[in-house]
Amino acid sequence: MARYKIYFGLIAVLALLAAADPAPARSGGGFTTYTDISYASAQPTWSRGHLLDLYIPDRSRGSARPLLIVMGGSGWYGDDGKAYAKDLAPFFTAAGFVVAGVSTRSSRQARFPAELYDVKAAIRWLRAHSAAFGIDRRRFAVMGDSSGGWTAAMAGLTGNDRALEGRVGVTGYPSDVQAVIDLYAPIDFLQMDAHMIPGACTSFNRSFGLTSCHADPRSPESALLGCPIVTCPAKVRKANPISYVSSTAPPFLIAHGDQDQLVPVQQSELLFDALSAAGVPATLYVTPGVGHSKGIVSPSHPPAAVSPGHTTGRPTLETIEVFLHRALRL
């Protein structure tokens, strides 16, 4: 009987992947990789913001595996956020997780809330097809850095808000997640400039070709919304993750470097304070001497302790694994 279940399960996966038009599967390193799976139709047709990659552990757990969804940041200017997952897949598949790298549309291709609708569509697609890939549909976590962290936070905080589901891709499945890892995400756009560290706006302006920091009409946040953020506060509120904090939010692990010259550390402190006030389990690591870098998750430092609260430290992949085990009740 087990042999027949494996056979028919494989047939289901092959049929599903044929419909989603992915690149050929690759095995190695203890996991199988499926790339460029379409979770929705491409809009525009030449874009990549409708694709996801899957990394499936080869070893059997005897039950469905938890899922970690990963999105890399780009200031909302890129549509290949799924690439970040490739760096994390070896560790987390070895730890028993299915890893999904998810891309969303860029601000050049679509304005907010399209990016939120995209990640929710990817979550629904993964939940709809969880059985085919051995995913536990009750244990979804999201992780991202910078604008990818914003996407993760927005997904985590709006999972039960039907008004923000959108109509992208698969519908009829829930888009909630059970844990969030947010690395130095923008949280409250109109408070960013007041908290930039000395000299940071100069380098920020230089990096993006601006003159007025985040308030500039051409800033990443203004591009996301399609308006200078100082002129459209109602749109800003809708795009601010902090607007959606409530007691129903899932547990958060947040990390931010105190030398971040793009997104000030106070953004993460604002989110942590709001989550804590709402009674949501949240851990914030403020990391001394670290800027706006994925290297804030250190592979070499001793694992930081995981417990709700505001602390100085540097999380590792092991730290995130411990957090996920607790948040997902593994």
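Residues numbered from 1 in each chain as written. Predicted model: local features only at pLDDT ≥ 70, side-chain atom pairs only at ≥ 80, totals over all residues. Heavy atoms only, no water.

Peer 1: Quick question: what am I supposed to make of the state of the cysteines here?
Peer 2: Linking two cysteines covalently via their sulfur atoms produces the bond known as a disulfide. For the structure on display, the rule yields 2 disulfides. Sulfur-sulfur distance for the disulfide between Cys227 and Cys232 comes to 1.9 Å. In this structure, the disulfide formed by Cys227 and Cys232 twists by about 80 degrees around the S-S bond and is classed as right-handed. Each bonded cysteine of the chain is numbered by sequence order, and under that numbering the disulfide pairs are 1-2, 3-4. (Disulfide = S-S within 2.5 Å.)

Peer 1: What should I look at first to understand the environment of Gly28 in this one?
Peer 2: When you line up the elements, Gly28 lands in strand E1 (residues 26-28). Residue classification places Gly28 among the partly exposed residues on the basis of a relative accessible area of 38%. C-alpha separation for the pair Gly28 and Tyr173, spaced 145 residues apart in sequence, amounts to 32 Å. (Helix = DSSP H or I, 4+ residues; strand = E, 2+ residues; numbered from the N terminus. Buried < 20%, exposed > 50% of the residue type's maximum accessible area, 1.4 Å probe, protein only.)

Peer 1: Explain the packing of aromatic side chains to me, please; I cannot follow it from the model alone.
Peer 2: Two numbers describe a pair of aromatic rings. These are the distance of the centres and the angle of the planes. If you walk through the whole model with that rule in mind, you get 10 aromatic pairs. Ring geometry for Tyr77 against Phe208: centres 6.1 Å apart, planes inclined by 50 degrees, an arrangement best described as tilted. Here Tyr77 is found in the loop between strand E4 (65-71) and helix H2 (85-94), whereas its partner Phe208 is found in helix H6 (residues 200-208), with 131 residues between them in sequence. The class for Phe208 is partly exposed, based on a relative accessible area of 29%. Members of the aromatic cluster, connected to one another through ring pairs, are Trp76, Phe112, Trp150 and Phe189. Lying over the aromatic face of Phe140, Arg127 brings its terminal NZ or CZ to 4.1 Å of the ring centre. (Phe/Tyr/Trp six-rings, centres within 6.5 Å; stacked < 30°, edge-to-face > 60°. Lys NZ or Arg CZ within 6 Å of the ring centre and 35° of its normal.)

Peer 1: Quick question: what am I supposed to make of the nonpolar core here?
Peer 2: Most often, soluble globular proteins have nonpolar side chains that are buried together. Ranked by internal contacts, the top residues of the largest apolar core, which has 61 residues, are Leu54, Ile69, Leu126, Phe189, Leu225, Phe252 and Leu275. In terms of residue count, the dominant contributor to this core is helix H3 (residues 114-128) (7 residues). Discounting chain neighbours no more than four positions away, the residues touching Leu54 are Thr32, Thr33, Tyr34, Ile37, Val98, Val99, Ala100, Leu126 and Phe133. Listed in part, the 31 residues of the second largest apolar core include Ala95, Leu183, Val297 and Ile320. (Core = buried A, V, L, I, M, F, W, Y, C linked by side-chain atoms within 4.5 Å. Contact = heavy atoms within 4.5 Å.)

Peer 1: Help me understand the pattern of salt bridges in this model?
Peer 2: Any two side chains of opposite charge can pair, so long as their charged atoms come close to each other. Enumeration according to the criterion identifies 12 salt bridges in this entry. A salt bridge links Arg124 to Glu165, with the shortest nitrogen-to-oxygen separation between them at 2.8 Å. Pair noted here: Arg124 is in helix H3 and Glu165 is in the loop between helix H5 (147-157) and strand E7 (179-183), with a separation of 41 residues, a long-range link. Judged by its relative accessible area of 15%, Glu165 falls in the buried class. We note a salt bridge from Arg139 to Asp136, for which the minimum N-O separation is 2.7 Å. Salt bridges sharing partners connect three or more residues here, namely Asp36, Asp53 and Lys82. (Salt bridge = Lys/Arg side-chain N within 4 Å of Asp/Glu carboxyl O.)

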